[in-house]
Amino acid sequence: MAKTIYVLNGPNLNLLGTREPHIYGRATLADVAKLCRHTAERNGLALVFHQSNHEGQIIDWINQARADKAAGLIINPAGHTSTSIAILDALLTMEAPVIEVHISNIHAREEFRRHSYISRAARAVICGFGIDGYALAITGLANLIGAKE
């Protein structure tokens, strides 16, 4: 049976492809989901993929991943990156590795975007590769958890 990983996406990522394409590109959230599914399958992983504009829903999914004993969790917290201690607290309960992903390079953007509460719970952080960062995160996570063994 394949190990399951969760990929969680925060607020406004449902607008990918139309929101600030000069920053986030033209790929849609459906394109991200397709890339994640393909990369997970290639690495022998099952995938749970979600997006929400609501902090509490994201926390509920983190708690579900923990309860389901997910092998790992990848999160693009988006606008919650620099604001959500509650998401951080939920992530800190995860025993499985957590990878933080950002489509843009948050360190080259506005000052307020450069601080991440989420990074404290993350085993690794990937930013600035566009949506390819998700594939890098899944591949890296697969290596961390020995998915193909």
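Residues numbered from 1 in each chain as written. Predicted model: local features only at pLDDT ≥ 70, side-chain atom pairs only at ≥ 80, totals over all residues. Heavy atoms only, no water.

1. Looking at the nonpolar core
Here is the rule we go by: The set of buried Ala, Val, Leu, Ile, Met, Phe, Trp, Tyr and Cys residues whose side-chain atoms join them within 4.5 Å is what this entry labels a nonpolar core. Partly exposed describes any residue whose relative accessible area lies between the buried limit of under 20% and the exposed limit of over 50%, with all areas from a 1.4 Å probe on protein chains only and scaled to the type maximum. Strands here are runs of E lasting at least two residues and helices are runs of H or I lasting at least four, both read from the DSSP assignment and numbered beginning at the N terminus. Every residue pair with non-hydrogen atoms within 4.5 Å of one another is taken to be in contact.
The biggest cluster of nonpolar side chains holds 28 residues, and the ones touching the most others in it are Ile5, Ile74 and Tyr134. Put simply, the parts of the chain that give this core at least two residues each are strand S1 (3-9), helix H2 (29-42), strand S2 (45-51), strand S4 (98-102) and helix H5 (132-145). Other than its neighbours up to four places away in sequence, Ile74 contacts Ile5, Tyr6, Val7, Leu8, Ile99, Val101, Ala137, Ile138 and Leu141. Counting 19 residues, the second-largest nonpolar core is a separate cluster that includes Tyr6, Ile59, Leu91 and Ala96.

2. What to know about helix H4 (residues 85-92)
Our working rule: Note that the arc is computed from the directions linking the helix axis to the C-beta atoms.
Listed as buried for H4 are Ile87, Leu88, Ala90 and Leu91. Down the axis, H4 shows its buried residues gathered within 165° of arc, on one side only. Against the buried residues of H4 lie helix H3 (55-67), strand S3 (72-76) and S4.

3. Observations concerning unusual backbone geometry
One non-glycine residue, Glu20, adopts positive backbone phi at about 40°. As for its placement among the helices and strands, Glu20 is situated in the loop between S1 and helix H1 (21-24). Looking at Glu20, the relative accessible area reads 30%, which means it is partly exposed. Positive phi values are uncommon outside glycine, yet Lys69 reaches one of about 55°. By secondary structure assignment, the location of Lys69 is in the loop between H3 and S3.

4. Considerations on the side chain of Asn76
Residue placement: Asn76 occurs in strand S3. Under the relative-accessibility criterion, Asn76 is labelled buried at 3%. Leaving out residues up to four positions away in the same chain, Asn76 has contacts with Leu8, Asn9, Gly10, Leu13, Val101, His102, Ile103 and Tyr134.

5. What to know about H5
Applied cut-off: To estimate the expected span of a helix, subtract one from its residue number and multiply by 1.5 Å.
Spanning 14 residues, H5 covers 20 Å between terminal C-alpha atoms, matching the ideal 20 Å at 1.5 Å per step. Inspection of H5 places Gly133, Tyr134, Ala135, Ala137, Ile138, Leu141, Ala142 and Ile145 among the buried residues, and these make up the whole buried set. Tucked inside the fold, the buried residues of H5 contact S1, H2, S2, S3, S4 and strand S5 (124-127).

6. A word on the pairing of S3
Just so we agree on the cut-off: Two strands form a pair only when DSSP identifies at least two bridges running between them. Seen with its strands pointing away from the viewer, a crossover is right-handed if its path from the first strand over the helix to the second goes clockwise.
Most of S3 is tucked away: five of the five residues are buried. Bridge analysis of S1 against S3 gives five bridges, and the strand direction is parallel. Paired with Ile5 across the strands is Gly72, a residue of S3. As defined by bridge partners, S3 adjoins S4 across three bridges and the pair is classed as parallel. Looking across to S4, one finds that Leu73 is bridged to Val98. A crossover connection joins S3 to the parallel S4 through H4; in handedness this β-α-β unit is right-handed.

7. So, the pattern of salt bridges
Operational definition: Salt-bridge detection follows one rule: a side-chain nitrogen of Lys or Arg within 4 Å of a carboxyl oxygen of Asp or Glu.
This structure, assessed with the given rule, holds one salt bridge. For Arg19, the salt bridge identified is with Glu20, shortest N-O distance 3.5 Å. Judged by relative accessible area, which is 23%, Arg19 ranks as partly exposed.

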